[in-house]
Amino acid sequence: LDTEEGEYYQTENYIFSDKFLGDYQGNPDYNYAVTNGLFPFFPIAEWTSEEFGADSTEFSTRCTDQAWFTGYTATTCERCCGDDSCTCDPD
């Protein structure tokens with residue numbers, strides 16, 4: 001319902017709006033934190049295998065045991081331009 005072809009896309013009932021989850025993309029001025037919606041600036045824990053993955057001693061589920069969620073690497077430049085296709089000097 002919230003995809004680009006969905007009936008709620010870009011309407012007042014769109015999930016990524018001030019009314020619900022806030023912007024789909026975070027605000028680059030605040031290290032890409034979501035700054036609007038029902039949970040602005042809600043802290044998100046850094047993913048580690050020891051805490052949330054197969055190495056966790058806190059809990060075990062099929063999802064964690066098979067490492068379905070393994071974290072991700074940011075694809076946008078955090079050093080200078082914020083672009084997906086960064087051409088900045090890596091140093």
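Because the structure is a prediction, the values reported are computed rather than measured.

Trainee: Teacher, can you tell me more about the packing of aromatic side chains here?
Mentor: Using the criterion set out here, one finds five aromatic pairs in the structure. A ring pair is formed by Tyr 9 and Tyr 14, whose centres lie 5.2 Å apart and whose planes are at 80°; its orientation type is edge-to-face. Centroid distance Tyr 14 to Phe 16: 5.9 Å. Interplanar angle 70°. Geometry classified as edge-to-face. Among the residues examined, Tyr 14 registers a relative accessible area of 10% and is labelled buried. We classify Phe 16 as partly exposed; its relative accessible area is 27%. Put simply, the rings of Tyr 9, Tyr 14, Phe 16 and Tyr 24 pair up and form one aromatic cluster.

Trainee: Sorry if this is basic, but what is going on with a nonpolar patch on the surface here?
Mentor: Residues Leu 21, Leu 38, Phe 39, Phe 42 and Ile 44 make up a contiguous nonpolar surface patch of roughly 580 Å² in combined accessible area. Within the secondary structure, Ile 44 is located in the segment before helix 1 (49-52).

Criteria and cut-off values
All chains use their own residue numbering, which begins from 1 and follows the written sequence. Per-residue local features are limited, in this predicted model, to residues with pLDDT of at least 70; the limit for side-chain atom pairs, both in listing and counting, is 80 or more; totals at the level of whole chains, interfaces and linings are taken over all residues. Excluded from the side-chain calculation are hydrogens and water; included are all heavy atoms of the structure. Between the rings of Phe, Tyr and Trp (Trp by its six-membered ring), a pair exists once the centres lie within 6.5 Å; its type follows the angle of the planes, with under 30 degrees stacked, over 60 edge-to-face, and the other angles tilted. Accessibility here uses a 1.4 Å probe with only protein chains present; expressed as a share of the type maximum, an area under 20% marks a residue as buried, one over 50% as exposed, and anything in between as partly exposed. By definition, no residue in a patch forms a salt bridge, and every one has over 30% relative accessible area; like charges are joined within 9 Å, nonpolar side chains (Val, Leu, Ile, Met, Phe, Trp, Tyr) within 5 Å. All accessibility values rest on the Shrake-Rupley procedure with a 1.4 Å probe; residue burial counts only the protein chains present in the view. Note on definitions: salt bridges are taken to be side-chain nitrogens of Lys or Arg within 4 Å of carboxyl oxygens of Asp or Glu. The helix count covers DSSP runs of H or I at least four residues long, the strand count covers runs of E at least two residues long, and both are numbered beginning at the N terminus.

Any link to function would need more than the numbers given here.
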